[in-house]
Amino acid sequence: MSILFLNGFTCNARIPRSWECGTLEMLVETLEGLVLVDTGLGTEDYLHDSGILRLFKVITRMPLDPQQAVVRQITGMGYKPEDVRHIVLTHMHFDHCGGLADFPWAMVHVYRGEYEAFKGRRRQFSDLAYVSRHIAHDPQWVFYEDSGEKWYNFSAIQLPFDPEMWLIPLAGHTRGLCGVAIKTNDGWLFQASDAAALFNTEAPDWLIKAALGPHQPRIAQFAADHPEVRVVTGHEWLDWFEVNKNA
Ligand SMILES: [Zn+2]
């Protein structure tokens, strides 16, 4: 069983310029085939800007290299695109689900509350990062609702894969954002997505809370209390991706 870390979208801050980030996608070998956790931008995003991407071009610095599309990265590794049987979404912002249409045969697993936020009326600022055309190919959805189960002390919903995998609802950044926990050979990997930015020690607490919701303090404490759980987040520094190729 292996878990590969991929950067599916580089997006660097203008201020401070030292904040150079990628978007974390994970390619997980399971008994059910390859499972991709988040997609990054898709090939279509490089051909036709969405409105939100045009806005990000102004407020951030991004190389927009089409070779970063996950489908290109995994074919470069020798996989066939069709090998990706399942996609799990932490949330449906453009930088996390833009590549869905590159895998039209895949079953797409998502928390129902996130899908409803995407499909519903745009109600809050962060809804601007939903791009309707990212699901225009009408994927095969598998929706999840709260089940009353727990992973550690987090509410959790088990996904149908081996190794064991859980969705962890952490609403705030979006109304249905979930982290994803995956059993590894020697513990757990917990991808907290955009509910935390643990490795950005420069961002003030108010900014983290405004952008990512209320969960970061709890996730940071959890990481400190559980050394057997490796915690990663939805966006990591570019040099993190250089040294962390897999879990
Ligand atoms: Zn997001």
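Everything discussed here concerns the structure shown above.
This structure is a prediction, so every number in the text was calculated from the model and none was measured.

K.L.:
Is there a simple way to think about the nonpolar core in this case?
P.N.:
Burial of nonpolar side chains together is a common tendency in soluble globular proteins. Of all hydrophobic cores here, the largest spans 35 residues; its most connected members are Leu89, Met92, Phe103 and Trp141. With 22 residues, the next largest nonpolar core counts Phe5, Met26, Ile157 and Val232 among its residues.

K.L.:
Help me out: how do you make sense of the packing of aromatic side chains in this one?
P.N.:
Each aromatic ring pair is summarised here by two numbers: the centre-to-centre distance and the angle between the ring planes. Enumeration over the complete set of coordinates arrives at 19 aromatic pairs. Measuring from centroid to centroid gives 5.9 Å for Phe9 and Phe94, while their planes differ by 70 degrees, and the two rings are edge-to-face. With Phe9 in the loop between β1 (3–7) and β2 (11–13) and Phe94 in helix α4 (residues 94–97), this pair connects stretches of sequence that are 85 residues apart. Across the pair, exposure class does not vary: Phe9 and Phe94 are buried alike. When the centroid spacing of 5.2 Å and the interplanar angle of 80 degrees are considered together, the rings of Tyr152 and Phe222 count as edge-to-face. With Tyr152 in the loop between β9 (149–151) and β10 (154–159) and Phe222 in helix α7 (residues 216–225), this residue pair connects regions lying 70 residues apart in the sequence. Judged by relative accessible area, which is 30%, Tyr152 ranks as partly exposed. Taking relative accessible area as the criterion, Phe222 reaches 5% and is therefore assigned buried. Grouped by ring-pair contacts, the aromatic residues Trp151, Tyr152, Phe154, Trp188, Phe190 and Phe222 constitute a single cluster.

K.L.:
What is the right way to look at the coordination of the zinc ion in this model?
P.N.:
Reference geometry at the metal: tetrahedral coordination by four donors gives ideal angles of 109.5 degrees; octahedral coordination by six donors gives 90 or 180 degrees. Around the zinc ion, the protein supplies His91 (NE2), His93 (ND1), His173 (NE2) and Asp194 (OD) as donor atoms, at distances of 2.1 to 2.6 Å. Here the zinc ion is ringed by four donor atoms whose angles at the metal span 85 to 173 degrees, and the overall shape comes out irregular. Donor residues binding the zinc ion come from one chain and are separated in sequence as H-x1-H-x79-H-x20-D. Taken together, the positions of His91 in the loop between β6 (84–88) and α4 and Asp194 in the loop between β13 (187–191) and α6 (205–212) put the pair 103 residues apart, joining distant regions of the chain. In terms of burial, His91 and Asp194 fall into one category: buried.

K.L.:
What is the right way to look at α7 in this model?
P.N.:
Turn by turn, an α-helix covers 3.6 residues, leaving residues three or four places apart pointing in a common direction. Every buried residue of α7 is listed here: Gln216, Ile219 and Phe222. Seen end-on, α7 carries its buried residues on one side only, within an arc spanning 125 degrees. Pointing more than 90 degrees away from the buried face of α7 are the exposed residues Pro217 and Ala224.

K.L.:
I tried to follow the pairing of strand β7 (residues 107–111) on my own but got confused; where do I start?
P.N.:
Each regular strand displays side chains that alternate between the two surfaces of the sheet. Taking burial as the measure, the five residues of β7 include four buried ones, the bulk of the element. Pairing geometry for β6 and β7, over three bridges, is parallel. From the neighbouring strand, Val88 faces β7, where its bridge partner is His109. In this view, the connection linking β7 to its parallel neighbour strand β8 (residues 140–144) by way of helix α5 (residues 112–119) has right-handed handedness.

K.L.:
Explain unusual backbone geometry to me, please; I cannot follow it from the model alone.
P.N.:
Outside of glycine, negative phi angles account for most residues, and trans bonds account for most peptide bonds. In this chain, Asp162 is followed by Pro163 through a cis amide linkage whose omega measures 15 degrees. Counting through the fold element by element, Pro163 comes out in the loop between β10 and β11 (165–169). A positive phi angle is found at Leu64, which is not glycine, with a value near 45 degrees. Here Leu64 is to be found in the loop between β5 (60–61) and α3 (70–76). One non-glycine residue, Tyr152, adopts positive backbone phi at about 50 degrees.

K.L.:
I'm lost on the layout of surface pockets in this one. Help?
P.N.:
Unoccupied space between atoms shows up once a probe the size of one water molecule is rolled over them. Reported here for the largest pocket is a volume of approximately 1,200 Å³. Considering the residues around the largest pocket, the lining is formed by 44 residues, among which Phe56, His173, Ala211, Leu212 and His235 are closest to the centre. Elements with a contribution of two residues or more to the lining of the largest pocket: β2, β3 (20–30), α2 (51–59), α4, α6 and β15 (235–237). Counting residues per element, the lining of the largest pocket draws most heavily on α6, which supplies six residues.

K.L.:
Is there a simple way to explain the environment of Glu236 in this structure?
P.N.:
By the element assignment, Glu236 lies in strand β15. The spatial distance from the C-alpha of Glu236 to the C-alpha of Gly22 is 5.5 Å, given a sequence separation of 214 residues. Filtering out sequence-adjacent residues up to four positions away, Glu236 remains in contact with Glu20, Cys21, Gly22, Phe199 and Phe241.

What counts and what doesn't
- Residues numbered from 1 in each chain as written.
- Predicted model: local features only at pLDDT ≥ 70, side-chain atom pairs only at ≥ 80, totals over all residues.
- Heavy atoms only, no water.
- Core = buried A, V, L, I, M, F, W, Y, C linked by side-chain atoms within 4.5 Å.
- Buried < 20%, exposed > 50% of the residue type's maximum accessible area, 1.4 Å probe, protein only.
- Phe/Tyr/Trp six-rings, centres within 6.5 Å; stacked < 30°, edge-to-face > 60°.
- Helix = DSSP H or I, 4+ residues; strand = E, 2+ residues; numbered from the N terminus.
- Donors = N, O, S within 2.8 Å, 3.2 Å for Na, K, Ca; no water.
- Tetrahedral: all angles 85-135°; square planar, octahedral: opposite > 155°, others 65-115°.
- Arc of directions from axis to C-beta.
- Pairing = 2+ DSSP bridges.
- Right-handed = clockwise from strand over helix to strand, strands pointing away.
- 1 Å grid on protein atoms, 1.4 Å probe; cavity = no way out; pocket = protein on both sides within 12 Å on 5 of 7 lines; lining within 4 Å.
- Points joined across faces, edges and corners; volume = space filled by probe spheres on them.
- Contact = heavy atoms within 4.5 Å.

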